[in-house]
Amino acid sequence: MPRNLEIFNREEWFLSEGMRDDGNVGYPIYYRHALSYSIAKNIIDGKNKAWMKQEVDRLITSFNNEKSYQCDDKFVELYPLAIPPFERGKGFILVDQTDSYYPLVFYSDSSEREGKPRVSALKYSLESIKDGLEEIYDKLSELSHESEWDFDFQNDLWKIYPGKPYS
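The rules behind each value
Residues numbered from 1 in each chain as written. Predicted model: local features only at pLDDT ≥ 70, side-chain atom pairs only at ≥ 80, totals over all residues. Heavy atoms only, no water. Helix = DSSP H or I, 4+ residues; strand = E, 2+ residues; numbered from the N terminus. Contact = heavy atoms within 4.5 Å. Pairing = 2+ DSSP bridges. Axes fitted to C-alpha atoms, helices over the stretch in contact; angles between N-to-C directions. Core = buried A, V, L, I, M, F, W, Y, C linked by side-chain atoms within 4.5 Å. Buried < 20%, exposed > 50% of the residue type's maximum accessible area, 1.4 Å probe, protein only. Phe/Tyr/Trp six-rings, centres within 6.5 Å; stacked < 30°, edge-to-face > 60°. Lys NZ or Arg CZ within 6 Å of the ring centre and 35° of its normal.

The next subject is the side chain of Ser16. Relative to the helices and strands, Ser16 is located in the segment before α1 (31-44). When sequence neighbours within four positions are dropped, the list of residues in contact with Ser16 reads Tyr27, Pro28, Ile29, Tyr30, His33 and Gln154.

The sheet built from three strands is open, its strands ordered β1-β2-β3 with antiparallel pairing. Here the strands that pair on one side only, and so sit at the sheet edges, are β1 (76-80) and β3 (104-107). Going from strand to strand, the sheet's axes swing by 20 degrees on average, the running direction of each strand aside. Of the strand pairs in this sheet, strand β2 (residues 91-96) and β3 are connected by four bridges, and their pairing is antiparallel. When the sheet's bridge partners are listed, Leu94 is paired in β3 with Leu104. Set on the sheet, α1 makes contact with β1, β2 and β3; between it and β3 the angle comes to about 135 degrees.

A positive phi angle, near 65 degrees, is found at Leu15, a position not held by glycine. Within the secondary structure layout, Leu15 lies in the segment before α1.

Grouped together as the largest cluster of nonpolar side chains are 46 residues, with contacts concentrated most on Ile39, Phe75, Leu140 and Trp149. For this core, the leading source of residues is α1, giving seven residues. Non-local contacts of Ile39, meaning those with residues more than four positions away in its chain, are made with Met52, Val56, Phe75, Ile129, Leu133 and Leu140.

For the structure on display, the rule yields eleven aromatic pairs. When the ring of Tyr37 is compared with that of Trp149, the centres are 4.8 Å apart and the planes differ by 85 degrees; the resulting orientation is edge-to-face. Here the residue Tyr37 occupies a position in helix α1, and Trp149 occupies one in the loop between α4 (133-140) and α5 (151-160), the gap between them amounting to 112 residues. Grouping residues by exposure puts Tyr37 and Trp149 together as buried. An aromatic cluster of at least three residues, connected via ring pairs, comprises Trp13, Phe14, Tyr37, Trp149, Phe151 and Phe153. Sitting over the face of the ring of Trp51, Lys47 holds its NZ or CZ atom 5.3 Å from the ring centroid.

In structure tokens form, the structure reads like this:
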């Protein structure tokens, strides 16, 4: 993992969920934002909507089948966690290959933390990205450089994610 990850050089709002309408502080790394940022970097590098749809579908299929997902281009990688004697269903590690944020660990539903299984959060985020990919892709296409991803852009993007548990 490089030491020059973009998340270390941005302000606290970067990739965070922010304040929820109910007054609670959201997630410090909002999975939809993280995935969208990886998508944005690929769009900036010239990947089209068809390529992005294909990769999101491959990523979700890998998740559903508890298989590794790797992309030949810089996007993300997904690795299922296994505990000897190699029991499946223990969770996932999501590795961003765009040098934007550190690897994210998602524990399975059977290993709850604060009453919330993390794998479910990844699943819902992947489904949200897939369900809203047309509009998300169009919004991300407004960026010509990653430095244009600012607080206002991130908030506008948050508004278009389908299936958010909070509004």
